[in-house]
Structures are given as structure tokens and as C-alpha cells.
Amino acid sequence: MNFPAGKLAFLICFPVLSAFVNSPLNTSAESRFLQADPSNPLKAEVIGIQDGDTIELKYIYNGRKAGQRAGKNIRIRLLHVNCPERGRPYYKVAKDFTSKYCFRKVVQIRHTGEFDRYGRLLGEVVVPGGKILNKELVKNGLAVHFKKYSSSVEYANLEIQAKKQKLCIWSQPGLYTGKY
């Protein structure tokens, strides 16, 4: 066969370069975080806040359940809770609360390895100091107990207390909080 010099060089060098990139000597930050299964508890820095109940960690995940998020930083969907959506009252307050608690901090994620349909890992976020962000959101009236997906008595009780105290989302009479 007659190959152009550039193609021949590529065919010779590619296997060698591939072996080097995948070797244990490669210590780049991305390769260290590339995982098939997230550890439990997962520990990583929060690099993004999507909304009150979704954060993004500096942790590359390539597992089977990642779906469209494969090879990207892992997103965490806070378990047991649902915060107001964009355009709803207290959306920005809930997002800012989540940011204040964990942005640019190393957190632990307690999880069971379950993902939602968007490839987000479902879990509880333990912030430095030991508080659980999910519970703090409900306790402060910035999230509801997501009864559709959670039967936790503890979260139900936190919501009842926030309602009694008329905190944030519970302060406005007749505020529609959606199907939770």
C-alpha cells in the first residue's frame, strides 16, 4: 500500500501515544477523577450551582448511568427535596443559599449509586462542618420534601416545622409550590 507520510506517521505514533495517555504515569487532574463508579461517600469540590437542588462537582464521571453527562463533571441532584424552579418565588434565594453553603468547597455526597433520567447522581450533600445541605434547605423553607420520590419521615417533619414557622416559600398564603 502507498500511504502519505503524514498518515503513516499517525498510524505508527497513535498506538504509542494512546498507551502513554492511558498509562498510570498520567497524573493530570482529569484522569485522576475519571471514574466508572463514584465512591461512597464521594468527596469533591463544588464548581457549579445549577439551581437550589442541583450542584456540579469537579469529578469526571464516565459510568454507564451517566447518559449524556458521560465524560463531564458530575452533577448531583439533591435527594429528598425540591426547590422552586426558575421564575418561581424564592428560586434565586434557594440557589444563593445553596451557593453560600457549598460553592468552591469540598463536600461529601452520600448516595446509593442511583441516577435520575438526566444522568445526575442522587444524594445528600454534607458540607464542611457536617451539616446536610438538603435538610438545611427544607428547614429554612427554601425546599419542600419531595414526597413523590422520598418517604423520609425526617424530611417530612422538617417541612412541617418550616410551614408552622411560615418560612420563605411557606410565608405567602396560597403560594403554589408544584407537585411534590
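Thresholds, definitions, all that
In this numbering scheme, every chain counts its residues from 1 along its sequence in written order. Per-residue local features of the predicted model are confined to residues with pLDDT of at least 70, and side-chain atom pairs are confined, for both listing and counting, to 80 or more; whole-chain, interface and lining totals are unaffected and use all residues. Only hydrogens and water are set aside when side-chain values are computed; all heavy atoms of the structure are taken into account. Paired strands, as defined in this entry, are two strands with at least two bridges between them according to DSSP. Helix numbering and strand numbering both begin at the N terminus, where a helix is a DSSP run of H or I of at least 4 residues and a strand a DSSP run of E of at least 2. Lines fitted to the C-alpha atoms define the axes, with helices restricted to the stretch that makes contact. Angles between their N-to-C directions range from 0 to 180 degrees. Here a residue-residue contact requires only that any non-hydrogen atoms of the pair lie within 4.5 Å. An expected span of 1.5 Å times one less than the residue number is assigned to each helix. Under the scheme applied here, a residue whose accessible area is under 20% of the maximum for its type counts as buried, over 50% as exposed, and between as partly exposed, the area being computed with a 1.4 Å probe on protein chains only. The arc under discussion is defined with respect to the helix axis, by the directions toward the C-beta atoms.

Enquirer: Would you explain the sheet that holds strand S1 (residues 42–51) in this entry?
Expert: By definition, the strands of a sheet pair up through backbone hydrogen bonds, in either a parallel or an antiparallel sense. Ordered in space as S1-S2-S3-S6-S5, the five strands form a closed barrel in which the pairing is mixed. Averaged over all pairs of adjacent strands, the angle between strand axes in this sheet comes to 55°, irrespective of strand direction. As paired elements, S1 and strand S5 (residues 106–115) share four bridges and run antiparallel to each other. Residue Lys 43 lies in a different strand from S5, and its bridge partner there is Gln 108. Across the sheet, helix H3 (residues 91–102) lies against S1, strand S2 (54–61) and S5, angled at about 155° from S1, the strand it touches most.

Enquirer: Honestly, helix H5 (residues 153–164) in this entry has me stumped. Any pointers?
Expert: Think of an α-helix as 3.6 residues a turn; residues three or four steps apart then line up on the same face. The terminal C-alpha atoms of H5 lie 17 Å apart, and with 12 residues this matches the ideal 16 Å at 1.5 Å per residue to within 8%. Along H5, the residues classified as buried are Tyr 155, Leu 158, Glu 159 and Ala 162. Across the axial projection of H5, the buried residues extend over an arc of 100°, all falling on one side. Structural note: H5 exposes Val 153 and Lys 164 on the side pointing more than 90 degrees away from its buried face. Contacts made by the buried residues of H5 are with strand S4 (81–82), strand S6 (121–126), helix H4 (133–139) and strand S7 (144–145).

Enquirer: Help me out: how do you make sense of H3 in this one?
Expert: Compared with an ideal rise of 1.5 Å per residue, which puts 12 residues at 16 Å, H3 spans 17 Å between its outermost C-alpha atoms and is within 8% of the ideal. Listed as buried for H3 are Tyr 91, Ala 94, Phe 97, Thr 98, Tyr 101 and Cys 102. Along H3, the residues classed as buried sweep out an arc of 135° about the axis, all on the same side. Of the exposed residues in H3, those oriented more than 90 degrees away from the buried face are Lys 92 and Lys 100. Buried residues belonging to H3 abut S1, S2, S5 and H4. Two residues or fewer past H3, Arg 104 is found with a positive phi of approximately 65°.

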